[in-house]
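# Coordinate inspection notes
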Amino acid sequence: MNLPNTISFSRLLAVPFLLYGLHDPTPTSQWICLGIFLVAAGTDWLDGYLARKLNQVTELGKFLDPLVDKLLVLAPLLVFIEWNDLPAWGVFVILARELTIAGWRVNSSLSGPIAGANFWGKLKTVSQIVAITLLMIPIDSWNSIGAIAFWVSVGLTLISGLIYLWPQKSPSTSSVN
Ligand SMILES: O=P(O)(O)OC[C@H](O)CO
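Everything numeric here is computed off the predicted structure, so don't read it as measured data.

Moving on, we come to the site of the ligand. Close to the ligand lie 14 residues; Asp69, Lys70, Arg105, Thr125 and Tyr164 are nearest. In the environment of the ligand, an oxygen atom lies 2.9 Å from a nitrogen or oxygen atom belonging to the side chain of Arg97. Lys124 is positioned with one of its side-chain polar atoms (N or O) 3.2 Å from an oxygen atom of the ligand. Within the residue set of the shell around the ligand, elements represented by two or more residues are helix 4 (59-82), helix 5 (88-109) and helix 6 (119-136).

Enumeration over the complete set of coordinates arrives at six aromatic pairs. Taken together, a centroid distance of 5.4 Å and an interplanar angle of 80 degrees make the contact between Phe119 and Trp120 edge-to-face. A relative accessible area of 35% means that Trp120 is categorised as partly exposed. Taking 4.9 Å as the distance between ring centres and 70 degrees as the angle between the ring planes, the aromatic pair formed by Phe150 and Trp151 counts as edge-to-face. For Phe150, a relative accessible area of 1% puts it in the buried group. One aromatic cluster is present, built from ring pairs that chain together Trp89, Phe150 and Trp151.

Looking now at the packing of helix 1 (residues 3-10) against helix 3 (residues 27-53). At a closest axis distance of 8 Å, the pairing of helix 1 and helix 3 adopts a crossing angle of 170 degrees. As far as their axial angle goes, helix 3 and helix 1 are roughly antiparallel. Crossing hand, helix 1 versus helix 3: left-handed. Listed contacts from helix 3 to Leu3, Pro4, Ile7 and Ser8 of helix 1 are Thr43, Leu46, Asp47, Leu50 and Ala51.

With that out of the way, let us pick up the UniProt feature "transmembrane region" (unreviewed entry) in the chain. Within this structure's numbering, the places UniProt gives as "transmembrane region" (unreviewed entry) are residues 145-166. For residues 145-166, helix accounts for 95% and strand for 0%, while the C-alpha atoms at its two ends are 32 Å apart.

What counts as what
Residues numbered from 1 in each chain as written. Predicted model: local features only at pLDDT ≥ 70, side-chain atom pairs only at ≥ 80, totals over all residues. Heavy atoms only, no water. Near = heavy atom within 4 Å. Polar contact = N/O pair within 3.5 Å; in protein donor to acceptor, adjacent residues only side chain to side chain. Helix = DSSP H or I, 4+ residues; strand = E, 2+ residues; numbered from the N terminus. Phe/Tyr/Trp six-rings, centres within 6.5 Å; stacked < 30°, edge-to-face > 60°. Buried < 20%, exposed > 50% of the residue type's maximum accessible area, 1.4 Å probe, protein only. Axes fitted to C-alpha atoms, helices over the stretch in contact; angles between N-to-C directions. Parallel < 35°, antiparallel > 145°, perpendicular 65-115°, else oblique. Left-handed = near helix turned anticlockwise from the far one by under 90°. Contact = heavy atoms within 4.5 Å. UniProt positions renumbered as here; feature names shortened; annotations may be inferred.

Structure, rendered in structure tokens:
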């Protein structure tokens, strides 16, 4: 457990605060939870930056970082179902993709190095964070934009999952002659 992985893992601390603070929310508790969420989401950038800067990219980190992101994102999304702000099936699509890719990552690690997050996975996570931020702001007009942002993130979540799963040609089969 190096520093970047400890930061990734500590992101999980935000989850119980979010689940507690957003249950029966007041505008104040929503603003506080939004602050907690954004600090936690910010560590997603920080751990990756430190891992590269300190040359501490590890197999554990490549698995832990996306896994913790998934839990951090799914906690508020489930609360938004509780608030009747999102339909369960939309969140289910995200949950199904995230479970699938986590399982795929474990499975692919059996035959080689763990596949870290790619550009599309990172873009997907950013889109989820933007949507959650807009939905958590206790102002109706922002929530309406957040609902649109949520569906954009559902689309990106599906597309990024398919990109991971799309069969890659190995160099030996893709080269001609
Ligand atoms: O789509 P994944 O599973 O690669 O996750 C991407 C990470 O959350 C980016 O930090």
